[in-house]
Amino acid sequence: MKILVAEDDELMLKMLEFRLRKDGHEVIVTHDGREALAKINELVPDLVITDIMMPFLSGLEIIGAVKKSYPNTMPVIIISGMGQESVVLEAFQLGADDYITKPFSPNELSVRVKRFDKAIIL
Amino acid sequence: MLLIKLFMLSAFFISLHTLGVIILVFTNLMVCLLIFMLIYMYFRAKREKNQTNYKLISDLLVRKAVFYDGLMLPETLIPVTKRVKKLIDNKDFRNRLTDELVLAKKNITGTSAENIKHLYQQLNLEKYALQLLKSRYWHIKAKAIQELSLMELKEYEFELYPFANNKNELVRMEAQVALVQFNGFEGLLFLDDITYSVSEWQQIKLLQKLSNLPPLLISVDKWLRSSNTSVVIFALKLVRSYHRFELHDAVLQCLDHPDPIVRLQAINCFSEIYTDETSIHLISRFWREGLKHQLAIIKALQNIGSENDNPFLLTLLHNDNYEMKLFAARAIARSGKKGLASLNDYGTYDNKLNDIIIQVKGELAA
């Protein structure tokens, strides 16, 4: 599965990339919202994993753009911080498909990603 | 004539000599500056190269720990090269690695987080954090406390305990949060000894930290009698948040506290914990208080009052203060059918009051 990860924290980005590659996915890494949106339109990934708080464009704006251009074909998982419940609700209203809260277990992320992999295979 | 010529000639040679000296001095200065710049640039480049290397090694180590699949027994060691073991003595590398481990621990849970902690301890990094606790700079102390807390090293709680009453507010805050992180509600025992004030912000932080834990019935009543006003206020917040009805009478005593903020907090507390007689106690103190506290009392009566309070509340409908009238009308309306009926009968020439009554009835109907 081709997965785009948008995360401004370098260490987190590397860890996500490493884990997803280990699970056999093709990973596109982006460091901010603007770069993420450009790569989404250029490379059309199967799944987007995005942080909410990012420079230039927030995760919410990415969800809005993805759901407008690729409705029902490109799932989005958001990564939120603790205490961002209201933002998570807003993300779901915009069409986010799943969310994971920091701190999280890489294994949990792996399982959540697999769910979308199965959906694509089916 | 000859003398003048001789004088001019000597003056010429002297100025030529001076010029030569000046040029020589400047040339030397330039050479020195150049050498200094070259040395500086060399060390800077070396330092940058080292930093890049340290970052690379730290990243690899953190990644190795996060995704380590081996069985994690206390005696298990995550494979670490000899070079890394040697580098731990280097302050720059150690700081970089510690920062990355702390950052990873903040964002990760489960086995990976346990592995991060395991690596931190395996490399004896807590030894350095404990040394930093002795620093004379508050920010270094605060960072070290935060580090030990994030790594969940409960075994050092006794080392951290004295910092909960440190003269520096930020050191204090970190230590208090760490104690709650280690022991949950029981970590609040530092409130027994604290002499410094617990700031409003710190109280919010502690309550937020506690909100993620299962409630535990700890002894709060001694804090309600503390000589530290901020401790009493915090204890009242705990009583209110965790509905500690058994402490009703202890809270009642806080209504006579000399500090007005404590009294206000106690009044607010009675919105959540109350008995049939709470409103009588509040009303008996009403005229002793200022406007802010009076409004808080009527607001509390909106939630806990009964029809018995209506004679008192009806007198407030003629008060000059608009908020007082509105809150009193609300309290009467919410006290029951009789209250609403008495409000209906309260036809008056006061247009403002009539508007309030209409508004309150509308709120009830909604």
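This write-up is about the structure you can find in this document. Keep in mind that this is a model prediction, so the values were computed, not measured.

## Considering helix α6 (residues 138–150) of chain B
Residues and elements named next belong to chain B. Helix length check: α6 (13 residues) gives 18 Å between terminal C-alpha atoms against 18 Å at 1.5 Å per residue, within 8%. Turning to α6, its buried residues number three or more, namely K141, A142, K143, A144, I145, Q146, E147, L148 and S149. For α6, the secondary structure elements touched by its buried residues are α3 (91–107), α5 (125–132), α7 (157–160) and α8 (169–183). Immediately downstream of α6, the backbone of E152 shows phi near 55 degrees, a positive value.

## A word on the interface of chain A and chain B
Listed per partner, the contact involves 14 residues of chain A and 15 residues of chain B. Secondary-structure elements contributing two or more residues to the side of chain A that touches chain B are α1 (10–22) and α5 (106–121) of chain A. For the side of chain A that touches chain B, the residue count by class is seven nonpolar, two polar and five charged.

## Let's talk about the packing of helix α2 (residues 33–43) of chain A against helix α3 (residues 59–69) of chain A
Residue and element names in this part refer to chain A. Axis separation between α2 and α3 bottoms out at 10 Å; the angle between their running directions is 15 degrees. When the interaxial angle is binned, α2 and α3 end up roughly parallel. Taken as a pair, α2 and α3 cross one another with a handedness that is right-handed. Two secondary-structure elements touch here, α2 through G33, A36, L37 and I40 and α3 through E61, I62, A65 and V66. Taken together, the residues of the contact of α2 with α3 sort by class into six nonpolar, one polar and one charged.

Cut-offs and rules
- Residues numbered from 1 in each chain as written.
- Chains lettered and ligands numbered in written order.
- Predicted model: local features only at pLDDT ≥ 70, side-chain atom pairs only at ≥ 80, totals over all residues.
- Helix = DSSP H or I, 4+ residues; strand = E, 2+ residues; numbered from the N terminus.
- Expected span 1.5 Å × (residues − 1).
- Buried ≥ 20, exposed ≤ 12 C-beta atoms within 10 Å, placed from the backbone.
- Contact = placed C-beta atoms within 7 Å.
- Nonpolar A, V, L, I, M, F, W, Y, C, P; charged D, E, K, R; others polar.
- Axes fitted to C-alpha atoms, helices over the stretch in contact; angles between N-to-C directions.
- Parallel < 35°, antiparallel > 145°, perpendicular 65-115°, else oblique.
- Left-handed = near helix turned anticlockwise from the far one by under 90°.

In short, geometric facts, not functional conclusions.
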